[in-house]
Every structure is written in structure tokens, then in C-alpha cells.
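Commentary on secondary and tertiary structure
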Amino acid sequence: SIQSTIYQMLLALDYMHTECNLIHGGMEWPRPERQDRSLISLHDIKGDNIFQEIGDKSRLDRYVQTEIEHPSARKIDFAYTFYRSRPLEPASQLGKIQLGDLGSAYPGDVPRNGQPFQPALYRSPEVILEKEWNYPVDIWNLGVWVSAP
């Protein structure tokens, strides 16, 4: 459920903040190759960075057995083998979630003032107002992710 996901995300952020002293983060960088000076935005608390454990692992065994009995279509092109995807049956049980991709993480034990942080569209109020910011920006990013359509 979404409530369980939010709870687990808050636990993950609490661990990152209290035990690791890290802010998960998100950033914008200029694209030097572009004339229009557009930005690359990394909104780091997002679905792509939330990993769901498989609760019922027997479906993986069934997947492997089906692949052994009826191999997926494939082709070899330029010494590379390309495989056609095989659908994985829907999960009957889901396990714990994990928050990944710490590539934009910041040390959290140093408050920052006015330093650019977070993509413009998702910036927390303290970042917009160039006030001191710290760990709560991750909670803001979680809220933005939860409220996104």
C-alpha cells in the first residue's frame, strides 16, 4: 500500500540522516553541449530509485523453468546477443523497499545557505528562499514524489 511505502521511505531517510549523516539529494547541472543552456535535472527521490523486494520468490523459479523449457527469442548482431523480454507474473506478495541511487547525496552534518540544490520545479521553500537547508529537504522531496500524478 502507499501508506506502507511512505512509512518505509521515512524509515530509510531517517537511517540515512541519523546513522549515515547523508542527504539523499537531487541536483541540476548545465548541459555544456547545448546552446540553449538547458539543465539536466535529477529529482532523486523518485520511483526509479525505490526498489521493491520480491516477497514470493517462487515466481522467479517458475520464470527460470519456463525460460529453460521455452527459451526467449534472441538474435545476435555485431557479436552482441539481444533477448526478447519475457513477462514476469505479477507479485502476490511484496517485501521491503530500499532507497537507492546515492549519486547526488550530500553530507548532511553541514547546514548550507543559498547553495543550489534540487531541480527548480521541486525545490523546497528553504532552498527557494536561499535560507539554511539540511535534512528536511529530503522529506520535501518525498512529499513531492508522493503527490506527483
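Report follows, based on the coordinates. (Residues numbered from 1 in each chain as written. Predicted model: local features only at pLDDT ≥ 70, side-chain atom pairs only at ≥ 80, totals over all residues. Heavy atoms only, no water.)

1. Observations regarding helix α4 (residues 136-147)
Put simply, the rule reads: Labels follow the DSSP assignment, with helices taken as runs of H or I lasting at least four residues and strands as runs of E lasting at least two, numbered in each case from the N terminus. By this rule, a helix spans an expected 1.5 Å times one less than how many residues it contains. Exposure is judged per residue with a 1.4 Å probe applied to protein chains only, and the accessible area is read against the type maximum: over 50% gives exposed, under 20% gives buried, and values in between give partly exposed. Think of the arc as the fan of directions from the helix axis to the C-beta atoms.
Helix length check: α4 (twelve residues) gives 17 Å between terminal C-alpha atoms against 16 Å at 1.5 Å per residue, within 8%. Within α4, the full set of buried residues consists of V137, D138, N141, L142 and V144. Seen end-on, α4 carries its buried residues on one side only, within an arc spanning 160 degrees.

2. Considerations on the environment of G103
Tracing the backbone shows G103 in the loop between β7 (94-99) and β8 (106-107). Judged by relative accessible area, which is 68%, G103 ranks as exposed. It is 8.4 Å that separates the C-alpha atoms of G103 and H24, two residues lying 79 residues apart in sequence.

3. Overview of a nonpolar patch on the surface
This is how the line gets drawn: Patches in this entry comprise residues that are over 30% relatively accessible and not in a salt bridge; like charges within 9 Å are linked, as are nonpolar side chains (Val, Leu, Ile, Met, Phe, Trp, Tyr) within 5 Å. Accessible areas in this description were obtained via Shrake-Rupley with a 1.4 Å probe; residue shielding takes into account the shown protein chains only. By convention in these notes, a salt bridge is any Lys or Arg side-chain nitrogen within 4 Å of a carboxyl oxygen on Asp or Glu.
Together, F78, Y80 and F82 make up an exposed nonpolar region whose accessible area comes to about 420 Å². Positionally, F78 belongs in the loop between β5 (74-77) and β6 (80-83).

4. Concerning the packing of helix α1 (residues 2-18) against α4
A pair of packed helices is captured by two measures, namely the crossing angle of their axes and the spacing between those axes. Stated formally: Fitted lines through C-alpha atoms give the axes, limited to the stretch in contact for helices. The angle between two N-to-C directions lies from 0 to 180 degrees. Under this scheme an angle from 65 to 115 degrees is roughly perpendicular, one under 35 degrees roughly parallel, and one over 145 degrees roughly antiparallel; angles in between are oblique. By the definition used in this description, the sense in which the near helix is turned from the far one sets the handedness, with an anticlockwise turn below a right angle giving left-handed and a clockwise turn giving right-handed. Every residue pair with non-hydrogen atoms within 4.5 Å of one another is taken to be in contact. Residue polarity follows a fixed list, in which Ala, Val, Leu, Ile, Met, Phe, Trp, Tyr, Cys and Pro are nonpolar, Asp, Glu, Lys and Arg are charged, and the others, Gly among them, are polar.
Interhelical geometry of α1 versus α4 gives an angle of 160 degrees and a closest axis separation of 11 Å. Our classification of the angle between α1 and α4 gives roughly antiparallel. With respect to the hand of their crossing, α1 and α4 are arranged in right-handed fashion. Along its contact with α1, which presents T5, I6, M9, L10, L13 and H17, the element α4 presents D138, I139, L142, W145 and V146. In terms of residue class, the contact of α1 with α4 is made up of eight nonpolar, two polar and one charged.

5. Some details on the nonpolar core
In a soluble, globular protein the nonpolar side chains are often hidden away together inside. Threshold: Residues grouped as a nonpolar core are buried Ala, Val, Leu, Ile, Met, Phe, Trp, Tyr and Cys residues, joined through side-chain atoms within 4.5 Å.
M9, L13, M16, I45, I50, I97, L99 and L142 form the largest nonpolar core, which has eight residues in total. When residues of this core are traced back to their parent elements, those giving at least two are α1 and β7. In terms of residue count, the dominant contributor to this core is α1 (three residues). Discounting residues that sit within four places of it in the chain, L142 has contacts with I6, M9, L10, L13 and I45. Of all hydrophobic cores here, the second largest spans seven residues; its members include Y106, F117, Y135 and V137.

6. Concerning α1
Taking 1.5 Å of rise per residue, the 17 residues of α1 would be expected to cover 24 Å, and the 24 Å separating its terminal C-alpha atoms lies within 8% of that figure. Listed as buried for α1 are T5, Q8, M9, L13, M16 and H17.

7. A short note on the side chain of Q8
Put simply, the rule reads: We define a polar contact as two N or O atoms separated by no more than 3.5 Å, with the added condition that, inside protein, one atom must be a possible hydrogen donor and the other a possible acceptor, whereas residues neighbouring each other in sequence contribute only through side-chain atom pairs.
Inspection of the secondary structure puts Q8 in helix α1. One polar contact links the side chain of Q8 to the main-chain amide nitrogen of I97, over a distance of 2.7 Å. Residue contacts for Q8: discarding those within four places in its chain leaves G95, K96 and I97.

8. Thoughts on the environment of D109
Here D109 is to be found in the loop between β8 and β9 (112-113). The class of D109 is exposed, set by a relative accessible area of 53%. With 26 residues separating them along the chain, D109 and Y135 place their C-alpha atoms 8.7 Å apart. Discounting chain neighbours no more than four positions away, the residues touching D109 are N21 and Y135.

That's the geometry; what it means functionally is another story.
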